[in-house]
Amino acid sequence: IDPILSSDQEDKCPFIFENMMVFASNRAGGFGGYDLYYSKFEQGQWSAPVNFGEEINSEYDEYRPILFDEGVDLNRNMMVFSSNRPGGQGGFDLYFVGVLKQ
């Protein structure tokens with residue numbers, strides 16, 4: 001357990017791609033339910049987690065993020081995640097977004 005990454009809340013679904021970890025958590029300071037966070041691995045340690053913000057997170061639950069290089073553009077990787085936000089087909093639907101490479 002890394003004290004920089006771990007919280008006393010439910011941190012779930014970690015995924016590491018290159019020097020970035022993405023995960024879901026219901027820690028304080030989010031937008032509601034489970035939000036998506038990222039941490040960068042730099043100089044041999046993980047940075048403090050950062051919430052992806054309201055452009056990705058909602059008041060509902062966002063889960064199971066994965067990152068990969070799908071050619072979004074030179075500066076962004078693709079992140080696919082599931083969410084139970086309104087507007088989908090029902091239950092947890094898949095969404096994708098480009099996130100800055102770190």
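The following refers to the structure shown. (Residues numbered from 1 in each chain as written. Predicted model: local features only at pLDDT ≥ 70, side-chain atom pairs only at ≥ 80, totals over all residues. Heavy atoms only, no water.)

Brief notes about the nonpolar core
No. 1: Counting 14 residues, the largest nonpolar core has Val22, Leu36, Phe52, Ile56, Leu67, Met79 and Val99 as its most contacted members.
No. 2: Mapped onto this core, the elements with two or more residues apiece are β2 (20-25), β3 (35-42), β6 (62-73) and β7 (76-83).
No. 3: If you tally residues by element for this core, the top one is β2, at three residues.
No. 4: With near-sequence residues (within four places) excluded, Val22 lies in contact with Cys13, Pro14, Phe15, Tyr37, Tyr38, Phe52, Pro65, Leu67 and Met79.
No. 5: Ranked by size, the runner-up nonpolar core spans five residues in total, among them Leu5, Phe23, Tyr37 and Trp46. (Core = buried A, V, L, I, M, F, W, Y, C linked by side-chain atoms within 4.5 Å. Buried < 20%, exposed > 50% of the residue type's maximum accessible area, 1.4 Å probe, protein only. Helix = DSSP H or I, 4+ residues; strand = E, 2+ residues; numbered from the N terminus. Contact = heavy atoms within 4.5 Å.)

A closer look at the environment of Ser39
No. 1: Structurally, Ser39 is set in strand β3.
No. 2: Using a relative accessible area of 0% as the deciding quantity, one classes Ser39 as buried.
No. 3: Along the backbone, Ser39 and Val22 are 17 residues apart, and their C-alpha atoms lie at a distance of 6.6 Å.
No. 4: Beyond its immediate sequence surroundings of up to four residues, Ser39 is in contact with Leu5, Asn19, Met20, Met21, Trp46, Ser47 and Pro49.
No. 5: In terms of polar contacts, Ser39 uses its side chain to reach the backbone carbonyl oxygen of Ser47, at 2.6 Å. (Polar contact = N/O pair within 3.5 Å; in protein donor to acceptor, adjacent residues only side chain to side chain.)

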